Amino acid sequence: MGSLLSQLGLECGRKEVKEEERHLRANDREFNLSYEYADNAIKTSKYNIFTFLPLNLFEQFQRLANAYFLFLLCLQLIPEISSLSWFTTVVPLVLVLSMTMAKDGSDDINRHRSLSLVFITLFLQADLLLLSSSEPLNLIYIETAELDGCVSVAFMHYQEGSKFAAFLPKQEGVNAPFSAFLTFWSYVIILNTVVPISLYVSVEIIRLGNSFYIDWDRKMYYPKSDTPAEARTTTLNEELGQIKYIFSDKTGTLTQNIMTFNKCSINGKSYGEAWQKVDFSWNNLADPKFCFHDHSLVEVVREGNPEVQAFFRLLALCHTVMPEEKKEGELYYQAQSPDEGALVTAARNFGFVFRSRTPESITVVEMGELVTYELLAVLDFNNVRKRMSVIVRSPEGKLTLYCKGADTIIFERLNPSCSKLKEVTTEHLNEYAGDGLRTLALAYKDIDPKYMEEWKLRHHEASTAMDEREEKLDALYEEIEKGLLLLGSTAVEDKLQDGVPQTIEQLSKADIKIWVLTGDKQETAENIGYSCNMLREEMTEVFIVSANTAEEAFALEKDMEMELLRTACMCQTVICCRVTPLQKAQVVELVKKYKQAITLAIGDGANDVSMIKAAHIGVGISGQEGMQAVLSSDFSFAQFRYLQRLLLVHGRWSYLRMCKFLRYFFYKNFTFTFVHFWYGFFCGFSAQTVYDEWFITLYNLVYTALPVLALSLFDQDVNDRWSFQYPKLYAPGQLNQYFSKRAFVYTVLHSGYSSLVLFFIPWAAMYDTVRDDGKDIVDYQSFALLAQTCLLIAVSIQLGLDTHYWTSVNQFFLWGSLCVYFAVIFTMYSNGMFLIFTSSFPFIGTARNSLNQPNVWLTMLLTSILCVLPVVAYRFLRILLWPTVNDKVRYKVRQDKVLPPAPRRVQARRASTRRSGYAFSHAQGYGDLVTSGRFLRWTPKSRPALFSQTDSPLAQTQPQFYRTINEGGEPPLSP
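Values in this document were obtained by computation on a predicted structure and should not be read as measured data.

### A look at the overall build of the protein chain
For the protein chain, the helix and strand inventory stands at 34 helices and 20 strands. Looking at the protein chain as a whole, 50% of its 975 residues qualify as buried. On the protein chain, roughly 48000 Å² of surface is accessible, and the fraction owed to carbon and sulfur atoms is 58%.

### Overview of the confidence of the model for the protein chain
Confidence in the prediction of the protein chain, expressed as mean pLDDT, is 79, and 75% of residues score 70 or more. Between the elements of the protein chain, mean pLDDT differs from a low of 37, seen in helix 1 (residues 2-8), to a high of 94, seen in helix 10 (residues 306-317). In the predicted structure, residues 935-975 sits below a pLDDT of 50 and forms 119 contacts with residues beyond four places in sequence or in another chain.

### A word on the nonpolar core
Counting 57 residues, the largest nonpolar core has Leu 199, Phe 661, Tyr 691, Phe 695 and Leu 791 as its most contacted members. Going through the elements one at a time, helix 8 (198-216), helix 22 (642-680), helix 23 (693-703), helix 24 (705-714), helix 27 (741-766), helix 28 (780-802), helix 29 (808-828) and helix 32 (854-881) are the ones with two or more residues in this core. Phe 261, Cys 264, Leu 317 and Val 364 belong to the second largest nonpolar core, which has 53 residues in total.

### Brief notes about the pairing of strand 11 (residues 387-393)
Residues in a regular strand project their side chains so that they alternate between the two faces of the sheet. Across the 7 residues that make up strand 11, a large majority, 6, are buried. Where strand 10 (residues 369-379) and strand 11 come together, 5 bridges link them in antiparallel fashion. What sits directly across from Leu 375, in strand 11, is Val 392. Where strand 11 folds back on strand 12 (residues 399-405), the antiparallel hairpin that results is connected by 5 residues, among which Gly 397 adopts a positive phi of roughly 90 degrees.

### Structural notes on the packing of helix 27 against helix 32
Where helix 27 meets helix 32, the closest approach of the two axes is 9 Å, and the angle between their N-to-C directions is 155 degrees. When the axis of helix 27 is compared with that of helix 32, the two are roughly antiparallel. Crossing hand, helix 27 versus helix 32: right-handed. Mapping the contact onto sequence places Tyr 746, His 750, Tyr 753, Ser 754, Val 757, Leu 758, Ile 761, Pro 762 and Ala 765 in helix 27 and Thr 859, Leu 862, Thr 863, Leu 866, Cys 867, Pro 870, Val 871 and Tyr 874 in helix 32.

### A word on the pattern of salt bridges
Going through the model one piece at a time under the given rule, you end up with 31 salt bridges. In this structure, Asp 249 engages Lys 584 in a salt bridge whose closest nitrogen and oxygen atoms are separated by 3.3 Å. Of this pair, Asp 249 sits in the loop between strand 3 (243-248) and strand 4 (255-266) while Lys 584 sits in helix 19 (residues 581-595), and the two are 335 residues apart along the sequence. Using a relative accessible area of 4% as the deciding quantity, one classes Asp 249 as buried. A salt bridge links Glu 454 to Arg 458; its shortest N-O distance comes to 2.5 Å. In this pair, Glu 454 and Arg 458 are both assigned in helix 14 (residues 449-463), 4 residues apart and thus about one turn of the helix distant. The class for Glu 454 is partly exposed, based on a relative accessible area of 36%. Assessed through its relative accessible area of 25%, Arg 458 is described here as partly exposed. One salt-bridge network, in which partners are shared between bridges, spans Arg 385, Arg 387, Glu 412, Arg 413, Glu 478 and Glu 481.

### A closer look at a nonpolar patch on the surface
Together, Phe 681, Phe 682, Leu 756, Phe 760, Trp 763 and Tyr 767 make up a nonpolar patch on the protein surface, roughly 570 Å² of accessible area in all. Mapped onto the secondary structure, Tyr 767 falls in the loop between helix 27 and helix 28.

### A word on the sheet that holds strand 10
Taken in spatial order, the 9 strands line up as 5-4-14-13-12-11-10-9-8 in an open sheet, and their pairing is antiparallel. Strands at the two margins of the open sheet, each flanked by one partner only, are strand 5 (269-271) and strand 8 (352-358). Looking at each pair of strands side by side, their axes are set apart by 30 degrees on average, direction ignored. Pairing analysis gives 7 bridges linking strand 13 (residues 438-446) to strand 14 (residues 485-496), with the strands arranged antiparallel. Bridge assignment links Arg 438 to a residue of strand 14, and that residue is Val 492. Running at roughly 120 degrees to strand 5, helix 9 (residues 295-302) makes contact with strand 4, strand 5 and strand 8 of the sheet.

### Some details on the sheet that holds strand 19 (residues 635-637)
Across the sheet, 7 strands lie side by side as 2-19-18-17-3-15-16; this open sheet has mixed pairing. At either end of the open sheet lies a strand with only one pairing partner, and these are strand 2 (230-231) and strand 16 (574-576). Two strands pair when backbone bridges link them, and strand 17 (residues 598-603) and strand 18 (residues 617-621) are joined in this way by 4 bridges, in the parallel orientation. By the bridge assignment for strand 18, Gly 603 is matched with Gly 620.

### Considerations on a negative patch on the surface
Together, Asp 467, Glu 468, Glu 470 and Glu 471 give the surface a local cluster of negative charge. Assessed through its relative accessible area of 55%, Asp 467 is described here as exposed.

### Remarks on the packing of helix 14 against helix 15 (residues 469-480)
For the pair helix 14 and helix 15, the least separation of the axes is 8 Å and the interaxial angle reads 165 degrees. Taken together, helix 14 and helix 15 sit at an angle that is classed as roughly antiparallel. Two packed elements cross with a definite hand, and for helix 14 against helix 15 that hand is left-handed. Two secondary-structure elements touch here, helix 14 through Tyr 451, Met 452, Trp 455, Arg 458, His 459, Ala 462 and Ser 463 and helix 15 through Arg 469, Lys 472, Leu 473, Leu 476, Tyr 477, Glu 479 and Ile 480.

### A word on unusual backbone geometry
Positive phi, close to 50 degrees, is recorded for Glu 468, a residue that is not glycine. Here Glu 468 shows up in the loop between helix 14 and helix 15. Of note, the phi angle at Gln 596 is positive, near 50 degrees, even though the residue is not glycine. Inspection of the secondary structure puts Gln 596 in the loop between helix 19 and strand 17.

### A few points about the pairing of strand 4
Most of strand 4 is tucked away, with 10 of its 12 residues classed as buried. Looking at chain direction, strand 4 and strand 14 are connected through 8 bridges and run antiparallel. Its bridge partner lying in strand 14, Phe 261 is registered against Val 492. Pairing between strand 4 and strand 5: 3 bridges, direction antiparallel. Each bridged residue has a counterpart across the sheet, and for Ser 265 the counterpart in strand 5 is Ser 270.

### A few points about the packing of aromatic side chains
The full count for this structure, using the stated rule, is 47 aromatic pairs. Relative to Phe 247, the ring of Tyr 245 has its centre 6.4 Å away and its plane inclined at 20 degrees; by these criteria the two rings are stacked. Residue classification places Phe 247 among the buried positions, given a relative accessible area of 0%. Taking the centre distance of 5.4 Å and the plane angle of 85 degrees together, the rings of Phe 292 and Phe 350 count as edge-to-face. Of the two residues, Phe 292 sits in the loop between strand 5 and helix 9 while Phe 350 sits in the loop between helix 11 (338-349) and strand 8, which places them 58 residues apart along the sequence. Given the relative accessible area of 0%, Phe 350 is considered buried. An aromatic cluster is built from Phe 672, Tyr 691, Phe 695, Tyr 699, Tyr 703, Tyr 821, Phe 822 and Trp 857, whose rings are joined through pairwise contacts.

### Some words on helix 8
Taking 1.5 Å of rise per residue, 19 residues should cover 27 Å, and helix 8 covers 27 Å from first to last C-alpha, within 8% of that figure. For helix 8, every residue scored as buried is listed here: Ser 198, Leu 199, Val 201, Ser 202, Val 203, Ile 206, Arg 207, Gly 209, Asn 210, Ser 211 and Ile 214.

### Concerning helix 23
Most of helix 23 is tucked away: 8 of the 11 residues are buried. When we look at burial in helix 23, the residues that qualify are Trp 694, Phe 695, Ile 696, Thr 697, Leu 698, Tyr 699, Asn 700 and Tyr 703.

### A short note on the environment of Gln 811
Here Gln 811 is to be found in helix 29. Here Gln 811 falls in the partly exposed class, since its relative accessible area comes to 35%. Taking C-alpha positions, Gln 811 is 9.3 Å from Gly 800, a pair spaced 11 residues apart along the chain.

### Description of the environment of Leu 199
Examined against the element boundaries, Leu 199 turns out to sit in helix 8. In sequence terms Leu 199 and Leu 701 are 502 residues apart; their C-alpha atoms lie 9.8 Å from each other. Residues within four places of Leu 199 in sequence aside, it is in contact with Phe 661, Leu 662, Phe 665 and Phe 666.

### Focus: the state of the cysteines
Simply put, disulfide is the name for a covalent bond between the sulfur atoms of two cysteines. Inspection of the entire model under this criterion finds 0 disulfides. No disulfide involves Cys 403; its sulfur sits 6.4 Å from that of Cys 318, the nearest cysteine.

Quick notes on the rules
Residues numbered from 1 in each chain as written. Predicted model: local features only at pLDDT ≥ 70, side-chain atom pairs only at ≥ 80, totals over all residues. Heavy atoms only, no water. Helix = DSSP H or I, 4+ residues; strand = E, 2+ residues; numbered from the N terminus. Buried < 20%, exposed > 50% of the residue type's maximum accessible area, 1.4 Å probe, protein only. Areas by Shrake-Rupley, 256 points an atom, 1.4 Å probe, with all protein chains shown as cover. pLDDT = per-residue confidence, 0-100. Contact = heavy atoms within 4.5 Å. Core = buried A, V, L, I, M, F, W, Y, C linked by side-chain atoms within 4.5 Å. Pairing = 2+ DSSP bridges. Axes fitted to C-alpha atoms, helices over the stretch in contact; angles between N-to-C directions. Parallel < 35°, antiparallel > 145°, perpendicular 65-115°, else oblique. Left-handed = near helix turned anticlockwise from the far one by under 90°. Salt bridge = Lys/Arg side-chain N within 4 Å of Asp/Glu carboxyl O. Patch = residues over 30% accessible without salt bridge, like charges linked within 9 Å, V, L, I, M, F, W, Y side chains within 5 Å. Lys, Arg positive; Asp, Glu negative; His and termini not counted. Charge placed at Lys NZ, Arg CZ, Asp CG, Glu CD. Phe/Tyr/Trp six-rings, centres within 6.5 Å; stacked < 30°, edge-to-face > 60°. Expected span 1.5 Å × (residues − 1). Disulfide = S-S within 2.5 Å.

So, in structure tokens, the structure goes:
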């Protein structure tokens, strides 16, 4: 019992004790269970077969809309209040609950399957007791993910008039206030159709359908990684058409995060300028995917040039890469960053093959000879040092420190004898910067053994210090990393993803502001800004707001954040450099808080998760840095270029369709309800309904449900080609012009006018009217039939006027709904139904007696014309005098009758004199991992391709793959 209460959180009088240690005994489950430690079991489903029905119903009635309609149902069960039968609410409510229940059940099953698969293929935090390892030196491989990556209308009217006195005499003992109170609740029931329960279901269906369009879009499918686009939520589709700010990560989002070793500078000479591909067949351990274009570098390596060999020896030793050899001679590098993988692979192909490592040694094959170096120390990378070093002892006993890092940092620590070489290397670095390459400087120094012994003692003391450990280690690193001899520099290309400049240009034309938030240094981010066309050479007023120390970086503080926001919003392009994951989220929150605009964040790594969650809409790129960003996102796909289709096509269409749906839905229901109100003046506000009860029940569920759904799922003002051709079509969504307060007031006024026509024209047409045989035609049932038929025809015509894109489904649903209506009334108003269910179907013979009269059909025609004529006249004048962007584009589409050319993806190149600074995707802490033996590994898993579509020819050449472990004018009323 105590255990059960504890699980339910109901146990009292027991303080929670902080757990500091655990006692375990191997292979003794009973002993381990006796301590009742909390386990790490994860529940992947919300329901089971026993709890599904009660728990789901409990959750659904917690929603205000469902609770409201349940309250209405209770009122309808009180005879003194309700003038409607119970089924007018029960049928829609049960239908809605059933559909939602089916959806929730399906979602729970899919979630259970998806999470089960994730937990199988991905990783969970758990306590681990290692007993043994099959690997040499008891090494184990643990893969982790590194950071980088109800409206109700009530009317009460009490009137005692002489006109009704003869027919409604005042009864003795009737309490007038109480009677008015009951009438009030009667009208609450009658007028609840202003916002019917079917509205909520229809909205969910529309959102679900538009989400499927994203999932099924072959033009957002990336065949190389077999990755389709995925809408991971169904509630944000229309907001995709209202985005004003996009916050993007850089590495892996704008770029491929796949590094290629393109050029290098060694001892003052630049290599990699030639065009002929190098043949590495002389090297049996070379990576066949590696490409380099300069034969002279191979020649000097094979000739034994000491500087060149020292250059590649450094690349083979100074890193935290972990090798894996599945077959003899087949090496696979598990790199902490793609940069490191590219550099180590370059050394491998030029004859310096990193073969294996232990916590104490590194084994390299140097020009065919196996050499093992003793690893004495790893001077780890961090964002302040911007460099890393290793100290090794060669088999001959020579001690050498090898260092690589930012050129500015390395140059500060060079021996004065390297001044001339530094000048030449700087020129080469500037050339590489013009190509947008990521650069590193390489240097080394020989170390005296006696000094090394003394330094190692001090290093041990600092690494075991309880206070200021990092500061002490940094001081020791600074001491030994002086007097370096420059070897040269490397230039690695992180290619832009295909179509990134064109995508950014299109989104900019749509008046979407794009901010890049990156952890890279300023120079690197500037280079990508130019490459992406965010920054252009003609931009003469480029200014930089920067800080040299942590104390100076206070722009996101409370007293400065508004100044930062005002300054940034005045700029055409904003690039935030050296920002942490938390600062990325703070920038997004700042814009959300003060700009009142819809924001979108897009990234590919775990370091982008906080930014993705902070934005209104999060988009994850399934790239090289794992699934953390995707799992935290609302939408995901494989390439940044798909973002323009997500927003300019799917987002704009979803917003347009939802606005059309809401405007039309409120129009038809306001019109339906206002007719009740006008009828109240003729029934003494007795809460009698103007329509047949079955018409009230089926109006939103059957007669008008499918046509409006077809409109909301298939309508489009222009196709996707024209949407790309004219990005300005996106602007109305940013201003919310299609469902603003002004548009809502217009809908209410339009409904009021239509309801006046739909009530008073039939009333006047039937008043004192006789049939062809001289009998009186004016009775309640005949008037109700005429009024409801006129209503249905009028709203159907309005739907046709609102439809821009006709499909066979639209036609079928519209004409089919009208046919179903006439079939239903002839069936329900038949003698047979009356004889079987006398109390439920009292309109016996009304359909055949009324619809055979010509004046009834002429009345329907007159009401339809009067309802439609003002709408057509208004739209004609608006398009003629005040055309919107949509009107102009649709007119051009009709005139041209030819599709615009498909957008082409062109590989963008630029020429710039901007200097590229340190650009290296590295993280702190991997030196300790290497020397402790705790390594990282990832095994990719494949799945069958979904589509046979191929990508552009540009994407067919795949470089070496490395897995990273680590706010217009007066808005129009209609589109």
